[in-house]
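# Observations on chain architecture
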Amino acid sequence: MSKPANSVAKALRVLHAVARVDGPHRLGDIAERAGVSKATTHRVLATLVEEGYVAADGEGRYGSGVQLRSLAAQVLADDAVGIDAVLRALQQRLGQAVHLAVLSGDHATYTHKVDPGHAYRIATDVGTPLPLHATAAGKALLAHLPPDEASDVLDRTGLPARTARTHTDRTALVAELAAIRAQGYATDYEEGDEAICSLAAPVLDADGTPVGAVSVSSLTFLVTEEQLSAFAPAVKQAAQDVSRRL
């Protein structure tokens, strides 16, 4: 086996050892379970922590990171029983486009979409990447990430303006994220794209880690900001229903 392939195999064994359910785990235990030297395990863990697939607790132990949890949620969402039914029911109840997005690196990605029955269609597709700072789904995820991880994301991505209403002031965005955590949902009224508005609630795993978001989207000439906010109870309930199915 070539050296690069061997390195990948070792990294996968380390990741598998970290992901065991009885974590977080100490370096020595991870190395033993992975069958990899402590020195190599430490180097692999450093990379996985940097990429967000492993989380270090500051006391020498390692557990699953946000990106690993999001990847697991994305895989499960492909065939998790009932998720499509939850999204379809939400679409029928609200009459607007419904999406499920998952955290993917420094952005979110749509994995599911249910179009509304009316003639107007939101120009989004499965696989569409979403900026975290300028969309309801993205802000719902950012708001529920550990503060240091959310800060790291914003350091890397910045706050580029997509429309005249995009948050480009970090202090204002951080204040909004605190409000989102308190109310359990985020809104976006022409912040990511002109003429489009959305409301989203986070999909959380058993530990409260955000792995995705359920959102409802419409066009601003169809839905006012007040009407958009009225969708919150239904979207929050749908997000909780999806969380239970992952």
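Above this text is the structure in question.
Here is what the cut-offs are and how they apply
Residues numbered from 1 in each chain as written. Predicted model: local features only at pLDDT ≥ 70, side-chain atom pairs only at ≥ 80, totals over all residues. Heavy atoms only, no water. Buried < 20%, exposed > 50% of the residue type's maximum accessible area, 1.4 Å probe, protein only. Helix = DSSP H or I, 4+ residues; strand = E, 2+ residues; numbered from the N terminus. Pairing = 2+ DSSP bridges. Axes fitted to C-alpha atoms, helices over the stretch in contact; angles between N-to-C directions. Arc of directions from axis to C-beta.

### Some points on helix α6 (residues 136-144)
- For α6, the buried fraction is high: 9 of the 9 residues fall into the buried class.
- Every buried residue of α6 is accounted for by Ala136, Ala137, Gly138, Lys139, Ala140, Leu141, Leu142, Ala143 and His144.

### A look at the sheet that holds strand β8 (residues 196-204)
- Reading across from one edge, β6-β5-β4-β9-β8-β7 is the order of the 6 strands in this open sheet, with antiparallel pairing throughout. Each end of this open sheet is capped by a strand with a single partner; those strands are β6 (129-131) and β7 (186-189). Neighbour to neighbour, the strand axes of the sheet diverge by 30 degrees on average, direction disregarded.
- Taken together, the 7 bridges between strand β4 (residues 97-104) and strand β5 (residues 107-114) define a ladder with antiparallel strand orientation.

### Some words on the sheet that holds strand β3 (residues 61-64)
- Here we have 3 strands laid out as an open sheet, ordered β1-β3-β2, and antiparallel in their pairing. At either margin of the open sheet sits one strand with a lone partner, and together these are β1 (25-26) and β2 (54-56).
- Two elements, β2 and β3, share 3 bridges in a ladder whose sense is antiparallel. Bridging across to β3, Val54 finds its partner in Ser64.

### Some points on helix α2 (residues 27-34)
- Listing the buried residues of α2 in full gives Ile30, Ala31 and Ala34. Take α2 and look down its axis: the buried residues cluster within an arc of 95 degrees, on one side only.
- Once α2 ends, the next one or two residues include Gly35, with phi positive near 70 degrees.

Keep in mind these numbers describe shape, not what the thing actually does.
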